[in-house]
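The chain contents come next:
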Amino acid sequence: MNVRKDDDMGPPDKRAVRRSRRYGDDFVEAFLFFAAITSILVIVLIFYFLTYESFLAFREVGFFEILLGQKWHPPGDVFGMMPIIVGSVLITLIALFINILVGIPLAIYLSELAGPWSREFLKPAIELLAGVPSIVYGFLGVLVLVVYLEKSFNMLTGRSILAGAILLGIMFIPALTTICEDALRAVPKEFKEGSLALGATHWQTVRWVTLPGASSGIIAAVILNVGRIIGETMAALLVVGNVARMPSPLFDAFDRGAIFTSVIAGEMGEVAHGSIHYHSLFAVGFVLLVIVTVLNISADFVRAAIQKKFGGY
Amino acid sequence: MKKIKPAPLASIAIALFILVSSIYHLLFQPEEIALVPFWVAGLLGCVLLISASALSLNRGGEDRSRVIWTRGRVSALAADLAYLSAVALLVVYGRIGPDLKFEFLGLSAVFTFGLVLPLLLVVGSFLAIKDSINLLYGYTARGREVLVFSMVRLSAVFTIILLGGIISVILYRGIGAISWEFLTSPHLRLGQQGGIATCIEGTFWLVMGAMLISAPLGIGAAIYLNEYSKNSGLKRIVTIAVGCLNGVPSVVYGLFGLAFLVSTVGISLLAGSIILGLMNLPTIILTSQEALKSVPNSLREGSVALGASRWQTVKKVVIPSALPGVLTGLIIGVARAAGETAPIMWTAVTFSATPVHMFYGFVPDVTQPVNNLCYHLLNLIYFLGAWDVEQNAWGTALVLLALVLSINMVAILVRNHYRKKISW
């Protein structure tokens, strides 16, 4: 580059400056572009590999047999996912109940009632709670929750669908609360003030103005949480008992059970690479991935649909 | 001045006592239940106080107080009172006695006295509190507000107790295992003796590797999406992909690594780092994007107006302004990578006591598997019944929890510090 004198007010040597900048910039932009499309690449690769590895199982066992089969018995090469699906549904329902029971009131507390001091204290506490590793939850589940259930319900073993549901329900309270609080805060202040000015009490305002206004966000948060509950591995693996058989009666949450993640994590360790069992576990993973992805995408659509139909934030 | 009504207040106090004591019994399941006579007396007292105050509510003499008794309210109150007295009478007549034991609908659980009675009492005392508060406020909206908001406050208390409980239990049981040797020596005899040095080492390298992959890719993607991309179609697709990646269960990442990486690079530090890095990618992209979005456009325009190129603007203006947010995301990513087990179970770890092999003393051998805190803990949990590893398991859990929570704490502090300092 030319050295410019003080009295040289003309444009700098354009070509030299531009070229050196442009090559650097092009390189950086190419890297950034690559970084941006990495996520597309990864999600495509994940779907590709799970489809590829589970294809054999779907072909050998049969697509509907593996999805709707009533029995999961790897030593006899019987692979039917129905017990796993039933277990997952049971766990998700109970866990979601606990989750909503605490998570949404907590969000209301944070957005409506908490003073600056308690907020300052509670927000970091919730974030820390969200950061507790799932294996630690599982460890506490085994040594505290399972022992407690065993004793109080006189069960053969405390490892049960109920134990998994309680643990997962508690684990994902912070996730639900964080999103719900954002949704509740997004409702404009004018609405609440209008309601209060009409003589409504604070609770009436929350119940009839704030919650309906935030409903799209809250419902989306619940759907996302269903995905998280179904996809959680380590805590569930350690406390559900991991026996993939149909509970009888179907709603028997005190029985041992299995869910998608616990079957994969529990059995993948000792399975022969390339066997039909191996591919069936990939098939379980594939079904799980499809369910979670559908839930994730539908959360956005549901939010948009509710907003379009009823308004809200 | 509002007249103080002693009857509902007294019944609230009694019901609170029943509630707290029965929750205590429900949680700790003591062998002997000494409080049964008090509970029965308390229930009957609540019934008496509530019905007395319900009857006296009409004696106000004002006309509008007569409208209070709609059919719904009367029947709800009657049902609650019937429930309370039924529980009390069943206990008095011994139908719910210490030898109670029944199975229900074929569920594989046995319901015993020590569980059933406290459960009935919890429900009963909630009902009593509800009615008492309603009576106290004469069935106005204000009463309902007090009732609901006290429940809402209860959820906050529950959360604090939960976090405090988790931390204190692990601290209390685990602190005995912690010593300098525990932290600096490898484990012996399947974790019954020795420490967790190799696990700490392995966790460190796995996290470093994961951040080395996810930090440049994640921040780069966020910069591209926020600063460069003109093509809104691409942006949309990437956003959807990031959303999907964010939801992919950790065990699926493990399967992906097993199918994709283990066949080529084997069970190794490298495979684990790549998988953890990819898993962290969406978190870092989302937090960095948040941070970049919060940088006001006027800063960019100012920089461009001075003749800076796009990359110069990003490098010298946008990134420094967004650094606290980006940093918070990275630190949270470190904590997540340190606490995940499922993605690396089959791709990166073994239960080994040999330290990581180093080239030149500081470059780890990435083709070898390592041990990891989470995986070590998992193995100890599996050994719990068979070998005497409980003490070491609590110690490992304590180290892991302390590590992850302190990293999270740092993230929170960084964010709060800069949030106070920066104002656009």
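Residues numbered from 1 in each chain as written. Chains lettered and ligands numbered in written order. Predicted model: local features only at pLDDT ≥ 70, side-chain atom pairs only at ≥ 80, totals over all residues.

### Some details on the overall build of chain A
So, point 1. Looking only at helices and strands, one finds twelve helices and two strands in chain A.
So, point 2. The order of α-helices and β-strands along chain A, N terminus first, is α-α-β-β-α-α-α-α-α-α-α-α-α-α.
So, point 3. In terms of principal-axis extent, the alpha carbons of chain A reach across some 90 × 65 × 40 Å. (Helix = DSSP H or I, 4+ residues; strand = E, 2+ residues; numbered from the N terminus.)

### Describing the overall build of chain B
So, point 1. A tally of helices and strands in chain B yields 15 helices and six strands.
So, point 2. Expressed as lengths along the three principal axes of its C-alpha atoms, the size of chain B is roughly 85 × 65 × 40 Å.
So, point 3. Within the span of chain B, comprising 424 residues, buried residues form 42% of the whole. (Buried ≥ 20, exposed ≤ 12 C-beta atoms within 10 Å, placed from the backbone.)

### A short note on the confidence of the model for chain A
So, point 1. In the predicted model, chain A carries a mean pLDDT of 86, and 92% of its residues have values of at least 70.
So, point 2. Highest mean pLDDT in chain A belongs to helix 3 (residues 82-113) of chain A (93); lowest belongs to helix 1 (residues 14-61) of chain A (82). (pLDDT = per-residue confidence, 0-100.)

### Overview of the domain arrangement of chain B
So, point 1. Taken domain by domain, chain B comprises domain 1 (6-139) and domain 2 (180-421).
So, point 2. Computed over C-alpha atoms only, the centres of domain 1 of chain B and domain 2 of chain B are separated by 51 Å. (Domains from an automatic or database assignment.)

### A look at the interface of chain A and chain B
So, point 1. Between chain A and chain B, the residue contacts involve 74 residues of the former and 78 residues of the latter.
So, point 2. The dominant element in the side of chain A that touches chain B, judged by the number of residues it contributes, is helix 1 of chain A, at 21 residues.
So, point 3. Per-class residue counts for the side of chain A that touches chain B are 49 nonpolar, 17 polar and eight charged. (Contact = placed C-beta atoms within 7 Å. Nonpolar A, V, L, I, M, F, W, Y, C, P; charged D, E, K, R; others polar.)

### With respect to helix 4 (residues 113-136) of chain B
So, point 1. Along its 24 residues, helix 4 of chain B runs 33 Å from first to last C-alpha, staying within 8% of the 34 Å computed at 1.5 Å per residue.
So, point 2. Of the residues trailing helix 4 of chain B, G138(B) is marked for its positive phi of about 60°. (Expected span 1.5 Å × (residues − 1).)

### Notes on the packing of helix 5 (residues 134-152) of chain A against helix 14 (residues 373-383) of chain B
So, point 1. As a packed pair, helix 5 of chain A and helix 14 of chain B sit with axes 10 Å apart at the nearest point and diverge in direction by 15°. In terms of orientation, helix 5 of chain A and helix 14 of chain B fall into the roughly parallel class. Viewed along their axes, helix 5 of chain A and helix 14 of chain B form a crossing whose handedness is left-handed. Where helix 5 of chain A approaches helix 14 of chain B, its residues I135(A), F139(A) and V142(A) are matched on the opposing element by C374(B), L377(B), L378(B) and I381(B).
So, point 2. A per-class count over the contact of helix 5 of chain A with helix 14 of chain B returns seven nonpolar, no polar and no charged. (Axes fitted to C-alpha atoms, helices over the stretch in contact; angles between N-to-C directions. Parallel < 35°, antiparallel > 145°, perpendicular 65-115°, else oblique. Left-handed = near helix turned anticlockwise from the far one by under 90°.)

### Examining the environment of T350(B)
Residue and element names in this part refer to chain B.
So, point 1. Along the polypeptide, T350 turns up in the loop between helix 13 (310-339) and strand 5 (358-359).
So, point 2. Overall, T350 belongs to the partly exposed group, with 16 C-beta atoms counted inside 10 Å.
So, point 3. Separated by 31 residues in the primary sequence, T350 and I381 place their C-alpha atoms 15 Å from one another.
So, point 4. When residues no more than four places from it in sequence are discounted, the contact partners of T350 are P369 and N371.

### Quick notes on unusual backbone geometry
Residue and element names in this part refer to chain A.
So, point 1. Of note in this structure, D77 is not a glycine but carries a positive phi near 55°.
So, point 2. For D77, the location among the structural elements is in the loop between strand 1 (72-73) and strand 2 (78-79).
So, point 3. Owing to 12 C-beta atoms within 10 Å, D77 belongs among the exposed residues under this scheme.
So, point 4. Within the chain, N242 stands out as a residue other than glycine whose phi angle is a positive 55°.
So, point 5. Relative to the assigned elements, N242 resides in the loop between helix 10 (234-239) and helix 11 (260-267).
So, point 6. Taking the C-beta count within 10 Å as the criterion, N242 has 20 such neighbours and is therefore assigned buried.

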